[in-house]
Amino acid sequence: MKAILRYIVPTLLMLALASTDARAQGDALLTNFTMAPVYYNPAASGDTDNIRIRGGARLQWVGIHGAPQTFLATADTPFKFLGKRWGAGLAIQQESLGLFRNLTADLSLGYRFRALKGQWTAAVQIGFFNEQFKGSEVFIPDDDDFHQSADDAIPTRDLAGNALDLGLGIYYVHPRFKTGVSLLHANSPSVTFTDDAESSSPSAGGDSELNKKYKFTAPRTLYFTAEGNIPLRNTLFEVLPAVIVRSDFTFTDIAANLRVRYNKLFYAGIGYRHSDAVSLLLGAEIKGIFLAYAYDYSFSAISRASSGSHEIFAGYNLKLDFSEKNRNKHKSIRIM
């Protein structure tokens, strides 16, 4: 069973390529999704009064060859301009899945305003989407029942291309909860590759061969997120529930977690990924330095070949003071 699962991911990718119009892999669904809100919603930029920096990795289905690996970095900050409050953010992702690699880098800008006893942010996002396919690493066994080694539908060279990537979102912050809706890859960016390495030249007396074209598309993806903060009376504990829903209008994924935090310093919790896994979450934040870990144990058949999925995040928060009397005065990182 383990040997079979080892080739599940590459085989599915080959089957997808057979149409030469493949859907690129989507954004990673993190168990620690609350640690990188800007990754899922550009309007989460500047939702606090902190300069917030996060970096981390998700290693999914450890033990299975070609399983997804995601590396992520985000940063965001609030600022004032023309007497108004704004938020700016950056999200960079590098992901690998089988023979695919993609890289996204997005900038976001949001306008903040108050309404309905809370703070709203409406934001737009612009960036680029890079897709790569490692055709030089394609290996098709002689006894493969689906493809032949000379299948024209599968590139045999490394291919890469870029496309404009757009997104938008809205986010609401209340003293007891946060929630938002966003649409990422709103323009459904497509990368088209042309593989003409094997085309013959008419002048050489050979038959002219049409260039083979391969198209990869990042689907429009809708996200809904919500997280709460419920203090327990007469204690230093608080309960932090959170949920995320992702849909590309064909498939829908849901993940939720419940954490208990002590004195705003340490937390532990459990999570659930619908039809996929149960999770353990641990984290700490001391003097602005943040660390988080999550482990997913799959309850599907894939657990027979994988030891589970791991996530680790680290980051830093720097508090900003927007009061008029302290304008232009911020604490230096070097003396904190």
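Residues numbered from 1 in each chain as written. Predicted model: local features only at pLDDT ≥ 70, side-chain atom pairs only at ≥ 80, totals over all residues. Heavy atoms only, no water.

**A short note on the pattern of salt bridges**
Counted under the stated rule, the structure contains eleven salt bridges. Of the charged contacts in the structure, one is a salt bridge between Asp49 and Arg85, with a shortest N-O distance of 2.9 Å. Pair noted here: Asp49 is in the loop between helix H3 (37-40) and strand E2 (50-59) and Arg85 is in strand E4 (residues 84-97), with a separation of 36 residues, a long-range link. A salt bridge links Asp296 to Arg58; the shortest N-O distance between them is 2.9 Å. Of this pair, Asp296 sits in strand E17 (residues 289-298) while Arg58 sits in strand E2, and the two are 238 residues apart along the sequence. Residue Asp296 shares its accessibility class with Arg58, and that shared class is buried. The structure contains a network of salt bridges with shared partners spanning Arg58, Arg273, Asp276, Asp296 and Glu311. (Salt bridge = Lys/Arg side-chain N within 4 Å of Asp/Glu carboxyl O. Helix = DSSP H or I, 4+ residues; strand = E, 2+ residues; numbered from the N terminus. Buried < 20%, exposed > 50% of the residue type's maximum accessible area, 1.4 Å probe, protein only.)

**Examining the side chain of His185**
By the secondary structure assignment, His185 is in the loop between strand E8 (177-184) and strand E9 (190-195). Using a relative accessible area of 6% as the deciding quantity, one classes His185 as buried. In terms of polar contacts, His185 uses its side chain to reach the side chain of Asp165, at 3.0 Å. Residues within four places of His185 in sequence aside, it is in contact with Asp27, Asp165, Leu166, Ala218, Pro219, Arg220 and Thr221. (Polar contact = N/O pair within 3.5 Å; in protein donor to acceptor, adjacent residues only side chain to side chain. Contact = heavy atoms within 4.5 Å.)

**Quick notes on the pairing of strand E3 (residues 69-81)**
Here is the key point about a regular strand: its side chains alternate between the two faces of the sheet. Of the strand pairs in this sheet, E2 and E3 are connected by eight bridges, and their pairing is antiparallel. Residue Gly56 lies in a different strand from E3, and its bridge partner there is Leu72. Pairing analysis gives 13 bridges linking E3 to E4, with the strands arranged antiparallel. When the sheet's bridge partners are listed, Asp76 is paired in E4 with Gly89. The antiparallel pairing of E3 with E4 creates a hairpin that spans two residues between the two strands, and Leu82 there sits at a positive phi of about 55°. (Pairing = 2+ DSSP bridges.)

**Points about a nonpolar patch on the surface**
On the surface, a cluster of nonpolar side chains totalling about 600 Å² of accessible area is made up of Leu232, Leu236, Phe237, Val260, Tyr262, Phe266 and Ile286. One can find Val260 in strand E14 (residues 252-262). (Patch = residues over 30% accessible without salt bridge, like charges linked within 9 Å, V, L, I, M, F, W, Y side chains within 5 Å. Areas by Shrake-Rupley, 256 points an atom, 1.4 Å probe, with all protein chains shown as cover.)

**Concerning the environment of Gln132**
For Gln132, the position within the fold is in strand E6 (residues 118-134). Considering only alpha carbons, one finds Gln132 and Phe193, 61 residues apart in sequence, at a separation of 9.5 Å. If sequence neighbours within four positions are ignored, Gln132 has contacts with Leu99, Phe100, Arg101, Leu159 and Ala160. Within the local environment of Gln132, its side chain forms a polar contact with the side chain of Asn130, the two groups lying 3.2 Å apart.

**Brief notes about the environment of Gln93**
Counting through the fold element by element, Gln93 comes out in strand E4. Sequence separation of Gln93 and Thr70 is 23 residues, and the distance between their C-alpha atoms is 7.1 Å. For Gln93, the side chain forms a polar contact with the side chain of Asn102, separated by 3.3 Å.

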